[in-house]
There are 2 protein chains.
Amino acid sequence: MDCDLCERTGGELLWQGERCRVVYVEEPGYPGFCRVVWEAHVKEMTDLSDDDRVHLMEVVFAVESVLREQLEPVKMNLASLGNAVPHLHWHVIPRHVDDPHFPQPAWGKPLRAANPARTHPSTTALASAIAAALE
Amino acid sequence: MDCDLCERTGGELLWQGERCRVVYVEEPGYPGFCRVVWEAHVKEMTDLSDDDRVHLMEVVFAVESVLREQLEPVKMNLASLGNAVPHLHWHVIPRHVDDPHFPQPAWGKPLRAANPARTHPSTTALASAIAAALE
């Protein structure tokens, strides 16, 4: 099976659990952009057991909490799409009014250039805060 | 407060719970597009209590199950964005390879016209199946 998220971490590893991992995506214009990736090659949330589903969402919400605290976004965006890579993963995206697409979704043609004043947070600090939130 | 989802249902009502509702969005090219809308004016998932969070996701996943069964999409997309309307709601979108944006996210400039052969499902049948899934 040729699957990007089976073969690669998909970003800088911030947290590794038994069932899923959190990675940092260095996306231009989107400081704090994280993904939560299910370890097994599963396509949809409704392919998981109830317990796995609750666990995955708990990790997603822990990441959301940490990103809200550290980056104070105007809005959080959560999305499980996977049309190109049908291996269950969540995008956890802090949004700011001056990010490339705001108020549009964070995909497609940008409305403006990235604000260079918005720099990427320390991934060490993010990793510690996520670990603490998931203890 | 001037909020679209406080003032309006936001679509054809398919299911009404105490804490959230499911509405059908007649989106061209996207048969089966539903939204799950939290009743109270809350911005983020992490503003909800744990119990409310689990409940809202259970409703989202029930809608996903019903849409998978009735529409056999190639992929389901789930998203909580709310940049324009910061009132907690989930987009639950069955995707098909011939839909306007596939494999891109379902927003922004379409890649192709809607396939007229893909017609909207019966909202009565959807409503019954969602009610049954949530019993």
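Undergrad: Which parts of the structure should I look at to understand the overall build of chain A?
TA: A tally of regular secondary structure across chain A gives three helices and five strands. Scanning chain A from its N terminus toward the C terminus, one meets helices and strands in the order α-β-β-β-α-β-β-α. For chain A, the C-alpha radius of gyration of 15 Å lies close to 14 Å, the compact-globule estimate for 135 residues. For chain A, the spread of C-alpha atoms along the principal axes amounts to about 40 × 35 × 25 Å. Looking at chain A residue by residue over its 135 residues, the buried ones come to 51%. Residue pairs in contact within chain A that sit at least 24 positions apart in sequence constitute 49% of those at least 6 positions apart. Carbon and sulfur atoms make up 50% of the accessible area of chain A, which amounts to about 6,200 Å² in all. Side-chain charges of chain A comprise 12 positive and 20 negative groups, with the mean position of each set lying 8 Å from the other.

Undergrad: Would you explain the relation of the copies chain A and chain B in this entry?
TA: Both copies of the chain are related by a screw-like operation: a rotation about an axis and a shift along it. After a rotation of 180° and a shift along the axis of 0.0 Å, chain A superposes on chain B with an RMSD of 0.0 Å. The operation mapping one copy onto its partner corresponds to a two-fold rotation axis. Nearest to the rotation axis, the C-alpha of Ala79 of chain A is located 2.1 Å from it, this being the minimum over chain A. Both copies contact each other with a shared surface, as 100% of the interface residues of chain A are interface residues in chain B too.

Undergrad: Explain the interface of chain A and chain B here, please?
TA: Put simply, an interface is often sized by how much accessible area is lost when its parts join up. With 30 residues of chain A in contact, the opposing surface of chain B contributes 30 residues. Across the chain A to chain B interface the summed buried area is about 2,700 Å²; carbon plus sulfur atoms make up 54%. Among the residues chain A hides against chain B, the three largest losses belong to Phe61, Lys75 and Asn83 of chain A. Together they make up 24% of the total. Of the charged contacts in the structure, one is a salt bridge between Glu44 of chain A and Lys75 of chain B, with a shortest N-O distance of 2.8 Å. Inspection of the chain A/chain B interface yields 24 residue pairs in polar contact (both at pLDDT 80 or more).

Analysis parameters
- Residues numbered from 1 in each chain as written.
- Chains lettered and ligands numbered in written order.
- Predicted model: local features only at pLDDT ≥ 70, side-chain atom pairs only at ≥ 80, totals over all residues.
- Heavy atoms only, no water.
- Helix = DSSP H or I, 4+ residues; strand = E, 2+ residues; numbered from the N terminus.
- Rg over C-alpha atoms; globule rule 2.2 N^0.38 Å.
- Buried < 20%, exposed > 50% of the residue type's maximum accessible area, 1.4 Å probe, protein only.
- Contact = heavy atoms within 4.5 Å.
- Areas by Shrake-Rupley, 256 points an atom, 1.4 Å probe, with all protein chains shown as cover.
- Lys, Arg positive; Asp, Glu negative; His and termini not counted.
- Charge placed at Lys NZ, Arg CZ, Asp CG, Glu CD.
- Least-squares fit on C-alpha atoms with pLDDT ≥ 70 in both.
- Buried area = accessible area lost by both parts, 1.4 Å probe.
- Salt bridge = Lys/Arg side-chain N within 4 Å of Asp/Glu carboxyl O.
- Polar contact = N/O pair within 3.5 Å; in protein donor to acceptor, adjacent residues only side chain to side chain.

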